[in-house]
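The lines below spell out each chain.
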Amino acid sequence: MSKYLSLGKFSFGMGDRFAHQGKAQLRACLMATDQGAHVVPVWNKSNREHTFIGTEPASLRAEADAAVKALGWKKPYHVDADHIRLETVDRFLAPSDFFTIDVADAIGQPAAAAEVQAFVGRHPELAGQLAIPHLEPPLDISRAEVERVANKFLLAVQDAGKIYRHIAAAKGEASFITEVSMDETDSPQLPHELLIILAALADEKIPLQTIAPKFTGRFNKGVDYVGDLKQFEKEFNEDLAVVAFAIQKYGLPPSLKLSVHSGSDKFSIYEPMRKALKKFNAGVHIKTAGTTWLEELIGLAEAGGDGLEIAKEIYAYAIQHVDEFCAPYATVIDIDKQKLPTGAAVNGWSSQQFVSALRHDQKNPAFNPSFRQLLHVSFKVAAKMGDRYYAALKKHEAVIAKNVTENLFERHMKPLLLGTH
Ligand SMILES: [Zn+2]
């Protein structure tokens, strides 16, 4: 295995679309660390987000460095080029030290038949009964199934190898963290598929630190998990067993762990995840992004006056463009249009009404998940406002920062890492 930069056991991915909340986010990491959860902050922003907002990857590095300096953070932190591909990675090379190689598009495209055969021949251990600690019953995969899975994923893995080597050639092997993501695809990867994928990634000599599979159930943007919790828990435990086994069997880095691209706010899976991580003494990387942008809106609404006006204006625009805004996110949002208030109705709302509808407090009867999901995908409206939006972020920094920090610490880090909430 090549040299690599190792990632700490618990790491927390924090997206910050408008690059103003770095300190508020880092403060949540400080609070978690104070309470014994040593969390490594990772600032992530995808190529798609940079393109929508009109920012360059270097701005995320500048934000992270500034936050770290301002708060005197002495431990590791990273800047994640999230969901990059060979065509998009170059502008991320200098400022990033964490690369999420997205190969979802290549899943299902058949690899060369001879290479599939070579893979199956190289891995006789995968076919037949395979005892994996903590996996009951043992895996029992037919050779035909190994071949089917290899055929489905080998090209994606080879793509990941190409992109990894491109980054390594530019930056040097030991200077960055590698994640491979397969979450943005139609069907979840089952544990035996994950094992086969890991075997193939090891063959590519990728010093993998995190892998982001797609899990069963819906990971809608900004709202809770929708699906069978028991099934999720079972699969998550099985995935942890598979990862631990693959580290030993294929010589992958001992720090390899799962990365959960949560779409933010999957509160109900945090407790089963925490239990499973404890059982396996495993780490995890959790990625959030949009939850922080929504806290900006909450803070603006809470501030009242011109802050509330901006929040209302963003909604008024969003409600007129529901179909346009939702189209790219069809597989990751479930909006009930009947539940969306009109722009005029929201225009008459108080700060408290706006905040109650938006803040992710499932116990609050006024919480409106459809309203929240629509705003989640409407950050382009704020991007279009440009300087006016940035000026409001600065003017109302205190109230926004409080919401950003509290949200990450109270609703995410506490239940997932500390088991308190
Ligand atoms: Zn993702």
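Note that the structure is a prediction, hence the values are computed from the model and not measured.

Further remarks concern the pairing of strand 10 (residues 284-288). Within strand 10, five of the five residues are buried, which leaves the element mostly enclosed by the surrounding structure. On strand 10, burial covers both faces: V284, I286 and T288 on one face and H285 and K287 on the other are all buried. In the sheet, strand 1 (residues 10-15) pairs with strand 10 via five bridges, with the strands oriented parallel. Across the sheet, the residue bridging to G13 is K287, located in strand 10. With four bridges connecting them, strand 9 (residues 257-261) and strand 10 associate as parallel partners. Looking at strand 10, one finds that L258 is bridged to V284.

Another aspect to go through is the coordination of the zinc ion. Of the protein atoms, only H83 (NE2), D183 (OD) and H261 (ND1) coordinate the zinc ion, at distances of 2.0 to 2.2 Å. On the primary sequence, the residues serving as donors to the zinc ion are separated as H-x99-D-x77-H. Remark: D183 occurs in the loop between strand 7 (177-181) and helix 6 (191-203) and H83 occurs in strand 3 (residues 78-84); sequence separation between them is 100 residues. Here H83 falls in the buried class, since its relative accessible area comes to 13%. By relative accessible area, D183 is classed as buried at 15%.

Moving on, we come to the pairing of strand 3. With seven of its seven residues buried, strand 3 lies for the most part within the structure. As paired strands, strand 2 (residues 39-46) and strand 3 are joined by five bridges and run parallel to one another. When the bridges of strand 3 are listed, K45 appears paired with A81. Pairing geometry for strand 3 and strand 4 (residues 98-102), over three bridges, is parallel. Within strand 4, the position partnered with A81 by the bridge is F99.

Cut-off values and rules
Residues numbered from 1 in each chain as written. Predicted model: local features only at pLDDT ≥ 70, side-chain atom pairs only at ≥ 80, totals over all residues. Heavy atoms only, no water. Buried < 20%, exposed > 50% of the residue type's maximum accessible area, 1.4 Å probe, protein only. Helix = DSSP H or I, 4+ residues; strand = E, 2+ residues; numbered from the N terminus. Pairing = 2+ DSSP bridges. Donors = N, O, S within 2.8 Å, 3.2 Å for Na, K, Ca; no water.

By themselves, these are just geometric observations and shouldn't be taken as functional.
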